[in-house]
Amino acid sequence: MKDLHNHGILHLNLTPSTTFITVKGELKISGLGNALTPKSRYEWILNNSFQDFPPESLDYQPPERKNRVTPYPRPNLDIYAAGCVLFELVTGRKYSQMA
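Keep in mind that what you see is a predicted model, and the values were worked out from it rather than measured.

Draft legend 1. Fine view of the overall build of the chain. The number of helices and strands found in the chain is 4 helices and 2 strands. When the helices and strands of the chain are placed in sequence order, the string is α-β-β-α-α-α. The buried share among the 99 residues of the chain stands at 29%. Summarising the internal contacts of the chain: among those between residues at least 6 apart in sequence, 50% fall at separations of at least 24. Only carbon and sulfur atoms are counted for the fraction: they give 57% of the accessible area of the chain, which is about 6,400 Å².

Draft legend 2. Summary view of the side chain of Ser57. Examined against the element boundaries, Ser57 turns out to sit in the loop between α2 (38–47) and α3 (63–66). Beyond its immediate stretch of four places on either side in the chain, Ser57 contacts Asn13 and Thr15.

Analysis parameters
Residues numbered from 1 in each chain as written. Predicted model: local features only at pLDDT ≥ 70, side-chain atom pairs only at ≥ 80, totals over all residues. Heavy atoms only, no water. Helix = DSSP H or I, 4+ residues; strand = E, 2+ residues; numbered from the N terminus. Buried < 20%, exposed > 50% of the residue type's maximum accessible area, 1.4 Å probe, protein only. Contact = heavy atoms within 4.5 Å. Areas by Shrake-Rupley, 256 points an atom, 1.4 Å probe, with all protein chains shown as cover.

What follows is the structure, given as structure tokens:
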């Protein structure tokens, strides 16, 4: 994820089904269909639009994105999702269902 963010790319759909651990213990991320590049982020800001959420990703989105109040896409959206995925990996429960 750090490499994506260093290149200005936001994943925006990080879930257990888009993260993999190889036999060597390396973390791999897939599912970049909803990713925003620097150019598409600029267009997003100009159009002030929200992408539709894939249904499986809603449990991994921060409240401000689910409620459509985030002023523009930022790396913290991916970081929140990564924390939710890690929480689920460790506890076996979805963070969004803890309330």
